[in-house]
Amino acid sequence: MSGSRVAQPSSFEYCVIGGGIVGLATAMALSKRDPGARIVLLEKEGELAVHQTGHNSGVIHSGIYYQPDSLKSRLCREGAEATKAFCRAHNIGFDTCGKLLVATNDVELERMDGLQQRARQNGISSHHLTRDQLRAAEPAISGMEALLVPSTGIVDYRSVCIAMAQDLSAAGVEIRRGATVTAIHEDDTRIAVVAGGETVNAQRLVACAGLQSDRLARLAGLEITHRIVPFRGEYYVLPPSRAALVRHLIYPVPDPDLPFLGIHLTRMIDGSITVGPNAVLGLAREGYAKASFDMADIADMTSFPGFWRVLAANWRSGLRELKSSLSKGGYLEECRKYCPQLALADLAAPAAGIRAQAVLKDGTLVHDFLFVATERMLHVCNAPSPAATSAIPIGTMIAERLLSGAGTTQTVH
């Protein structure tokens, strides 16, 4: 016979979709659990950790906010230790600089007492600081009292992802960049994935697709009752002259009725300091510039009834966040509640990240893990913050669930 040969689909035991930190950690867990298995990881971008992982704050969280004995609490504590151990083993710089939760009024003082009690229940070390002790620790910060959480740290999660990818490659895992998934088909014996114009056959598939997770589930023919609504976290990088402004991470005491932590000062591992983020509705899932919008993303969002229910339930806080987005003065006003030294000129280098928030049809914001599964597929439709901190144990949990063949849609607390 003459003519060109038709390329045959490549076959693997496992296919992982998504090259963020959760997808990489899941591939690591599968590789360790099933040594020698053929594994492929598909990432649509030309590099790894481009979206949520590469735009997060770089904080190694302690887990102080979470309900004692909850899954999020356990995964965060385990993840913080695992992240630090991974960094030590791979010579990745991190700094356990500690975090200060600063109370600026009586309501926040009461909430702070509740957080200290929660820290005790979670086995997290914390120390109460008086006004004078706060001033001594952080001269630029103004507050009535503060709670110090020494175990909180900072790291560059992109560097962590690069090291994970190197370990995976050394273990024989194939990583394909620029491999956009365009079709997923499951039958009784395999899953066929079309990505980057090629077909990959796998015995099992796990999708850790973050901002595109609902679309990947629908592409696979699964029925879902949620959508991803993007929230922009807009922040500013302070000028180099402000690099010594604080020694710790400085957070407000959070409002338990809101899903976001409020504007805070974050030391970065490169020596800079960021202030933010706020939380405003995004008009593009992957648009990081200020005026970004995507008509397909907008149509997908506004055609979903849960979106309008979220707006109806949260319009007051939404307007407050929008004010800080549209007005630097409004943003500065939020910052100066606990850092009065900041001036408008300090807010000169804007940036943004985008959080994938799963929303149910009734308008409920999903704060826990949301999985959609069949016998051979597991779609991670929501991996709650702090997923980067908790990624290593999350990857282990996902691998175990994939291999158990859950076969249902589940929200896990």
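See the structure printed just above.
Residues numbered from 1 in each chain as written. Predicted model: local features only at pLDDT ≥ 70, side-chain atom pairs only at ≥ 80, totals over all residues. Heavy atoms only, no water.

A. Representation of the side chain of Ser 126. Note that Ser 126 resides in the loop between α3 (106–122) and β6 (127–129). In this structure, Ser 126 is in contact with Gln 116, Ala 119, Leu 147, Leu 148 and Pro 150, ignoring residues within four places of it in sequence. (Helix = DSSP H or I, 4+ residues; strand = E, 2+ residues; numbered from the N terminus. Contact = heavy atoms within 4.5 Å.)

B. Representation of the packing of helix α1 (residues 21–33) against helix α5 (residues 157–170) within the structure. Where α1 contacts α5, the two axes come as close as 10 Å, and the packing angle between them is 30°. Classed by the angle they form, the pair α1 and α5 counts as roughly parallel. When the axes of α1 and α5 are compared, the crossing they make is left-handed. Note on element contacts: α5 touches α1 through Tyr 157, Val 160, Cys 161, Met 164, Ala 165 and Leu 168, opposite Ile 21, Leu 24, Ala 25, Ala 27 and Met 28. Taken together, the residues that form the contact of α1 with α5 break down as 11 nonpolar, no polar and no charged. (Axes fitted to C-alpha atoms, helices over the stretch in contact; angles between N-to-C directions. Parallel < 35°, antiparallel > 145°, perpendicular 65-115°, else oblique. Left-handed = near helix turned anticlockwise from the far one by under 90°. Nonpolar A, V, L, I, M, F, W, Y, C, P; charged D, E, K, R; others polar.)

C. Looking closely at the pairing of strand β11 (residues 191–195). For β11, the tally of buried residues reaches four of five residues, placing the bulk of the element in the interior. Sheet analysis places strand β10 (residues 181–186) next to β11, joined by five bridges and oriented antiparallel. Within β11, the residue paired with Glu 186 across the bridge is Ile 191. Where β10 folds back onto β11 in an antiparallel hairpin, the turn is made up of four residues. Sheet analysis places β11 next to strand β12 (residues 198–207), joined by five bridges and oriented antiparallel. Paired with Ala 192 across the strands is Asn 201, a residue of β12. In sequence, β11 turns back onto β12 through a hairpin of two residues, with Gly 196 there showing a positive phi of about 60°. (Buried < 20%, exposed > 50% of the residue type's maximum accessible area, 1.4 Å probe, protein only. Pairing = 2+ DSSP bridges.)

D. Examining the sheet that holds strand β8 (residues 153–155) more closely. On the basis of which strands lie adjacent, the open sheet formed by three strands has the order β3-β8-β4 and antiparallel pairing. What marks the edges here is a single partner per strand, and that holds for β3 (59–60) and β4 (94–95).

Spatial relationships are all this shows, so hold off on functional conclusions.
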